[in-house]
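Each chain, written out:
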Amino acid sequence: MDRLLQDIEARRDDLVALTQELIRVPTLNPPGRHYRDICALVGERMSKQGWQVEMIRAEGALGDSDRHPRWNVVCRLEGRGAGECVHFNSHHDVVAVGEGWSRDPFGGELADGRVYGRGACDMKGGLATSIVAAEAFAAACPDFRGAIEISATADEESGGYGGVAYLAEHGHFDPARVQHVIIPEPLNKDRICLGHRGVWWAEIETQGRIAHGSMPFLGDCAVRHMGAVLDEMEATLFPLLAGKRTAMPVVPEGAKQSTLNLNAIHGGEPVQEADYTGLPSACVPDRCTLTIDRRFLMEEDIAEVKAEVTAMMERVRARRPDFRYEIQDLFEVQPTMTPEDAPVVRVVGDAVRQVLGTEAEFVVSPGTYDQKHIDRIGRLKNCIAYGPGILDLAHQPDEWIGVDDMVDSGRVMALALHALLA
């Protein structure tokens, strides 16, 4: 094992170079650019070392189109005999760049022991780390039994339906095929993430009646109705959620309660195209929509979560004449949490202790990630998130990943492979 740990350190420069290569492919989601390019980059590297490579387009999945096809790559290395399969899954898509950068978001700049760029932390650094760890293990232990898989998948940032969900639906995470899954999300190198809270996205629409803006009394303003909904949220729903607490080890502390984010709101005339120079028309808005993002706890039932919102809307209706509304489900995901005594948890925990000299902290993510599909669709419970990087840096300007953190996490991953397959 000492040789294995030394080999990870010897591959430091290669690890940095691979991370930079991955960052320089601008896999922006939305709309889903350069997905095939990054899958080809990973696939070509692994195929040169004897891995079986499968390029998979998620045809017909949510988000897939001929203009922006949802490409995934799965690479597999068979051992010398029968055994279990360890799968490292990373998403290759990144969110919009945003404002406030002092460096090239897709430059992959190395400075002061950090690699900078959009996706460096979330999670191309984790993808690179898992690749280098698997390569080092295969070189040090060529007689290992079982199999190793590396996947780079689409659309985690927008739900994962063109990525891990599609693969799970087609049997790639069947427990008869894969026994251990590690997702190198950036949750700090001394933490093991056991799962995540649940989520319910919905669209609330208040309905009114259109009329001329100079005679609003002849219409019924849907925006005013939505204002009443927002007032009721502040008065009753937000205090209710603040009182709900979980025994799940969710981080950060504020996420140990139920939360509600008002993701988007719009009422009245649609936003015109950028080159439109005219004025808006004078109309009373007859529709107003609010998109909500409700995160819920293991102790809550999804039916109860939805009923709370419906009860709130009914309270508003009781006070307002002609109040009409609709609630449309967008999607929902149940909370998930792998037991602390699961095989992959124990093995990675032991590896953290050996590499870092500390006990791993067990945490739960405030937001969902692709474990939801591996659990719900794949029916594979032996799954965790473990990888380098600081979660707070995700989606931020000047996002970065520490090189030392990648090396340490690579050692943990390599030792986990040794424990499970050697």
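Model, not experiment: these values are computed from the prediction.

Tallied over the entire structure, the rule returns 37 salt bridges. Taking the shortest distance from any N to any O, the salt bridge between Arg319 and Glu232 comes out at 2.8 Å. Here Arg319 is found in helix α7 (residues 302-319), whereas its partner Glu232 is found in helix α6 (residues 222-242), with 87 residues between them in sequence. Classification of Arg319 by relative accessible area gives exposed; the value is 53%.

Grouped together as the largest cluster of nonpolar side chains are 65 residues, with contacts concentrated most on Ile148, Ile150, Val348 and Tyr386. In this view, Ile150 contacts Met46, Trp51, Val73, Val74, Cys75, Phe88, Leu127, Ser130, Ile131 and Ala134; residues no more than four positions away in its chain are not counted. Cys85, Tyr166, Ala168 and Cys383 belong to the second largest nonpolar core, which has 24 residues in total.

What follows covers unusual backbone geometry. That bond from Asp122 to Met123 is cis: its omega, -10 degrees, falls within 30 degrees of zero. For Met123, the position within the fold is in helix α4 (residues 120-140). For His34, which is not a glycine, the phi torsion comes out positive at approximately 60 degrees. When you line up the elements, His34 lands in the loop between α2 (12-23) and α3 (35-47). A relative accessible area of 37% places His34 in the partly exposed class.

With that settled, the discussion passes to the side chain of Asp408. Along the chain, Asp408 turns up in helix α10 (residues 403-421). Asp408 gets classed as buried once you look at its relative accessible area, which sits at 15%. Apart from residues lying up to four places away in sequence, Asp408 is in contact with Lys189, Val355 and Leu356.

Glancing now at the packing of α2 against α4. Contact geometry for α2 and α4: axes closest at 9 Å, N-to-C directions at 135 degrees. Between α2 and α4, the angle falls in the class oblique. Once α2 is placed against α4, the crossing between them reads as right-handed. Contacts between α2 and α4 involve Asp14, Leu15, Leu18, Thr19, Leu22 and Ile23 on the former and, on the latter, Ala120, Lys124, Gly125, Leu127, Ala128, Thr129, Ile131, Val132 and Glu135. Tallied by class, the residues present in the contact of α2 with α4 amount to 9 nonpolar, 3 polar and 3 charged.

Glancing now at the sheet that holds strand β10 (residues 259-267). Strand order across the open sheet formed by 4 strands is β10-β11-β9-β12, with antiparallel pairing between neighbours. The sheet is open, and its two borders are formed by β10 and β12 (324-333), each paired with just one other strand. Taken pair by pair, the neighbouring strands of this sheet meet at an average axis angle of 15 degrees, ignoring direction. Note that strand β9 (residues 198-207) and strand β11 (residues 287-296) share 10 bridges and pair antiparallel. What sits directly across from Val199, in β11, is Arg295. Packed onto the sheet, α6 meets β9, β10 and β11 and runs at close to 175 degrees relative to β10.

Parameters at a glance
Residues numbered from 1 in each chain as written. Predicted model: local features only at pLDDT ≥ 70, side-chain atom pairs only at ≥ 80, totals over all residues. Heavy atoms only, no water. Salt bridge = Lys/Arg side-chain N within 4 Å of Asp/Glu carboxyl O. Helix = DSSP H or I, 4+ residues; strand = E, 2+ residues; numbered from the N terminus. Buried < 20%, exposed > 50% of the residue type's maximum accessible area, 1.4 Å probe, protein only. Core = buried A, V, L, I, M, F, W, Y, C linked by side-chain atoms within 4.5 Å. Contact = heavy atoms within 4.5 Å. Axes fitted to C-alpha atoms, helices over the stretch in contact; angles between N-to-C directions. Parallel < 35°, antiparallel > 145°, perpendicular 65-115°, else oblique. Left-handed = near helix turned anticlockwise from the far one by under 90°. Nonpolar A, V, L, I, M, F, W, Y, C, P; charged D, E, K, R; others polar. Pairing = 2+ DSSP bridges.

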